[in-house]
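Commentary on secondary and tertiary structure
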Amino acid sequence: MTRTNLNRFGTLIAFVLLCVGFSIAAPAAFASPANVFNLVQQMATLAIVATAATLVMTISEFDLSVGFSASLAAVICFVLFGQGYDVWLAVPAALLVGIVGGAANGVLVARFGIPSFVATLALGTILSGFAFGLSGGQSLFQSVPDGFKSLARGDVFGIPVLGFWIVAVLGVAAFVLTQTEFGRRLRAIGGNAQAARLAGLPIVRDVIVTFAVAGGLSALAGLLLASRLGSVQHTMGEPLLLPAYAAVFIGTTASPTGAPTVAGTLLGVAITGVMVNGMTIVGVEPFVQKIMTGVIILVAVLLRRVGRAK
Amino acid sequence: MHKSIAALGLASILALGVSQGALAAGEKVSVITPFLAAIATGEMIEAFKAKATEYQWTVDVVDTAGDMAAFASRVEDATTSGAKAIVLVSVDPAQIQDQVDKAKAAGVPVVTIDGAKNASTVLNVTSDNYVLGETMTKFLFDQIGNKGNIVRFFYSAHPGVHQRELALDAALKANPEIKQVADHYVAVPGQVDDSRAAMDAMLLANPGDGAINAVWAAWDEPGIGANLAIEAAGRKGIVIAGIDGNPQAIDLIKACSAYIGTVRQGFGEMANIAAGELNTILAGGTAKADELYAPVELITRESLGVSCP
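Residues numbered from 1 in each chain as written. Chains lettered and ligands numbered in written order. Predicted model: local features only at pLDDT ≥ 70, side-chain atom pairs only at ≥ 80, totals over all residues. Heavy atoms only, no water.

**Observations concerning unusual backbone geometry**
Where the residue is not glycine, phi is negative for most of them; where a peptide bond is considered, it is trans in most cases. Of note, Ser60 of chain A is a non-glycine position whose phi angle comes to about 60 degrees, a positive value. Secondary-structure assignment places Ser60 of chain A in the loop between helix H2 (33-58) and helix H3 (66-82). Look at Gln56 of chain B: it is not a glycine, yet its phi comes out positive at around 60 degrees. Of note, Gln56 of chain B is situated in the loop between helix H2 (39-54) and strand S2 (58-63). On the basis of relative accessibility, which here comes to 64%, the residue Gln56 of chain B falls in the exposed class. (Helix = DSSP H or I, 4+ residues; strand = E, 2+ residues; numbered from the N terminus. Buried < 20%, exposed > 50% of the residue type's maximum accessible area, 1.4 Å probe, protein only.)

This is how it looks when you write it as structure tokens:
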């Protein structure tokens, strides 16, 4: 294999080796169909949030509110269930809140020039406050309709329902980013915002739309997570933030240009998911799991940078 | 890129090596919690591990640091990894009902310690949290003569802790001369530092003698944080009570600090009961009941034989 191919497929090969390693370590458990089913389910919400992060990183911005949006959407949905509202009203209402929150991020960034790191952290904290207030800080798990639970549970022809969500969301995102004019504009903005502005691209509108979509995807991830668990806590989405960006960064190591891509992000999600799942199954101590996960992310990204520098 | 492959390969080899050690011992029991950072949860898990050693079980402990999604995922992993039993600590299994149902369907018994009764689990060993809250609240209110101002440190996301809060709500209703002047939802993990910061702010917002007479802590760690703030501010006339019988809290009671009482849950005893019943279950028997209670004890200066100036 040539050096070019190794650079291009190295992360994918590493992922395969990881799977082979865990399959040898725990053949009956890790490689079992039941565990593959679990893995797909476990990766789904992270994959969707990481896709939201990928879209925003494509325009060279950050969205730190993704986890907060996920929590708030789930809380709103469950509060509405508690008041007797139907799934068909509660779910769109929760998604709408995510989209509006995301659009507000976009307005703060594009219209007012606030750095995305600051704007999304501030707005995310506000969303978190609403989630806390609405839930009363309690874990909500009553009055959940079966129709809602079926959003993220069970299977169709042996494939987990959440697997279809991954294909649908990431498929559409990948298509938009690579095959549409809108996607090309986003990449142009991310590549050189000043040049894009001088070229007359509608930067303000595109940035607002990108953040709005990211907010909507985050809300969707929160709803699917709530459906999978059957319960909601006002902080439930927050742990998604760091793994989502870790997945995007790992994914960039599989990209020829080092730019975020949906396929790369999916690979990053798969690597982080398999790492935690595999190490849990083979009984690696939790502190070792954390150290190894961090080291792998660091090594992958560092080597990519070293490779590009050469 | 050769090196990144090598790094991941190394991870696999290391995992393989560790797993060989883990699988070498007896039956595997997975202990999973989102709250290992809490001292009480840690105490229960350590006691369970000690008992498991007697039974020659291999115990895998997993902590998800408050992440409920990861908690659900790790329960799924334990179910597929061939664990003989799953022990959930300090969490209501209804919060991950689907995963608990799957474990039951796979024939893996699920035991909860400090959790809640559930149709898909074989046993919950706990204390009656409402009684814990009631006992502590009555003691604290008595200490301030059933009138004055209190502040509340709470964490309603934990169903057991929420029961204690309900006991406080009932007591406040029954004692109209006691006013709650501030409250704080405690951040977990990091509860001691978070509570200290919150108490700092409460003291500044309520200056003067008698502005705050007592601190009601839903468990001991927030109370310990509040005590740090009170000591640093040099405020007198404020008493603190908590729940759990945390050793640090007991030391503070002995040291004649503002911390005057805690209700000890028998955490070690809970874990011992759970392990004993699980041993019966793994041998083909059934638990004595689907919920068992460990005894509780009010610990005060008097009960410790301490006389303070």
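**Description of the packing of helix H5 (residues 129-143) of chain B against helix H6 (residues 159-174) of chain B**
All names here are of chain B. Interhelical geometry of H5 versus H6 gives an angle of 40 degrees and a closest axis separation of 7 Å. Of the possible angle classes, the one that applies to H5 and H6 is oblique. The element H5 and its partner H6 pack so that their crossing is right-handed. On the side of H5, the interface is formed by Asn129, Tyr130, Leu132, Gly133, Glu134, Thr137 and Phe141, while H6 contributes Gly160, Gln163, Arg164, Leu166, Ala167, Leu168, Ala170, Ala171 and Leu172. In terms of residue class, the contact of H5 with H6 is made up of nine nonpolar, five polar and two charged. (Axes fitted to C-alpha atoms, helices over the stretch in contact; angles between N-to-C directions. Parallel < 35°, antiparallel > 145°, perpendicular 65-115°, else oblique. Left-handed = near helix turned anticlockwise from the far one by under 90°. Contact = heavy atoms within 4.5 Å. Nonpolar A, V, L, I, M, F, W, Y, C, P; charged D, E, K, R; others polar.)

**Digging into the sheet that holds strand S6 (residues 148-154) of chain B**
Residues and elements named next belong to chain B. Taken in spatial order, the six strands of this open sheet run S7-S6-S8-S9-S10-S12, and their pairing is mixed. Every interior strand has two partners, whereas the edge strands, strand S7 (178-185) and strand S12 (296-300), have only one. For this sheet, the mean inter-axis angle between neighbouring strands, taken without regard to orientation, is 15 degrees. Note: strand S8 (residues 214-217) against strand S9 (residues 239-244), three bridges, orientation parallel. Bridging from a neighbouring strand, Trp216 pairs with Ala241 of S9. Packing of helix H7 (residues 191-205) onto the sheet brings it into contact with S6, S7 and S8, and relative to S6 it is tilted by some 150 degrees. (Pairing = 2+ DSSP bridges.)

**Let's talk about the environment of Ala78 of chain B**
All names here are of chain B. Topologically, Ala78 is positioned in helix H3 (residues 68-80). Its relative accessible area of 4% is what places Ala78 among the buried residues. It is 47 Å that separates the C-alpha atoms of Ala78 and Asn149, two residues lying 71 residues apart in sequence. Every residue in contact with Ala78, bar those within four places of it in the chain, is listed here: Ser30, Ile32, Ala83 and Ile86.

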